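# Structural overview for review
Residues per chain are reported as follows:
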Amino acid sequence: VILSEALPIAVSYDARMLDVSDANVVDCLRKQAKTRAVKLIKETIADPAVGVTLRHLRGHEGSRAVAALLDAPLMHHATSFGDKKYIAFAARKRQLSESAIGRETEEALAGLQSLASAAMHSSAAGPDSDDDDDD
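So, here's what we can say about the structure.

On to the overall build of the protein. Along its length, the protein carries four helices and three strands. A buried classification covers 20% of the 135 residues belonging to the protein. Residue pairs at least 24 apart in sequence account for 67% of intrachain contacts in the protein once pairs closer than 6 positions are excluded. Here the protein displays about 10,000 Å² of accessible surface, and carbon together with sulfur accounts for 55% of that area.

In structure tokens:
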């Protein structure tokens, strides 16, 4: 069953906060757009006014019947950019900039180093370094 023939998605973001030359940032934006598009499709299917039934979803009305029902309601959310229409989403604020990711990585590494250091000190003391006297 085809849910949409073509679903034009656009993500708006603050270029001062995100470096789109970084593949990780672009991947996060792509995943975010995909997640939001799936949520919008689910909400549209669940809307009784759209008229999607289990027969449609199971393909009993044809493989393109759901797409035909969803096209207009989905494009109702679209915004015009020039001569084309896109369903636009703003990038979430939880999106981290490269510097924030770098700080978090450094903090995580510092935490791991302190754990490793503590483990090394406890193993360097050895099992015989107990204060217990067995005499």
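Next comes the rest of the write-up.
Take the packing of helix α1 (residues 23–46) against helix α3 (residues 65–75) next. With their axes 10 Å apart at the nearest point, α1 and α3 run at an angle of 115° to one another. Considering the angle they form, α1 stands roughly perpendicular to α3. For the crossing formed where α1 meets α3, the hand is right-handed. Contact with α1, carried on its side by L40, I41, T44 and I45, involves L70, P73 and L74 of α3 and no other residues of that element. Partitioning the contact of α1 with α3 into residue classes produces six nonpolar, one polar and no charged.

Pairing within the open sheet is mixed, and its three strands lie in the order β1-β3-β2. Looking at strand neighbours, the two that pair on one side only are β1 (9–12) and β2 (79–81), the edges of this open sheet. Neighbouring strand axes in the sheet, compared pairwise and without regard to direction, differ in orientation by 55° on average. In terms of strand pairing, β1 meets strand β3 (residues 84–90) through four bridges, oriented parallel. Residue pairing in the sheet places V11 in a bridge with F89 of β3. Along the sheet, α1 contacts β1 and β3; its crossing angle with β3, the most-contacted strand, is approximately 105°.

Thresholds, definitions, all that
- Residues numbered from 1 in each chain as written.
- Predicted model: local features only at pLDDT ≥ 70, side-chain atom pairs only at ≥ 80, totals over all residues.
- Heavy atoms only, no water.
- Helix = DSSP H or I, 4+ residues; strand = E, 2+ residues; numbered from the N terminus.
- Buried < 20%, exposed > 50% of the residue type's maximum accessible area, 1.4 Å probe, protein only.
- Contact = heavy atoms within 4.5 Å.
- Areas by Shrake-Rupley, 256 points an atom, 1.4 Å probe, with all protein chains shown as cover.
- Axes fitted to C-alpha atoms, helices over the stretch in contact; angles between N-to-C directions.
- Parallel < 35°, antiparallel > 145°, perpendicular 65-115°, else oblique.
- Left-handed = near helix turned anticlockwise from the far one by under 90°.
- Nonpolar A, V, L, I, M, F, W, Y, C, P; charged D, E, K, R; others polar.
- Pairing = 2+ DSSP bridges.

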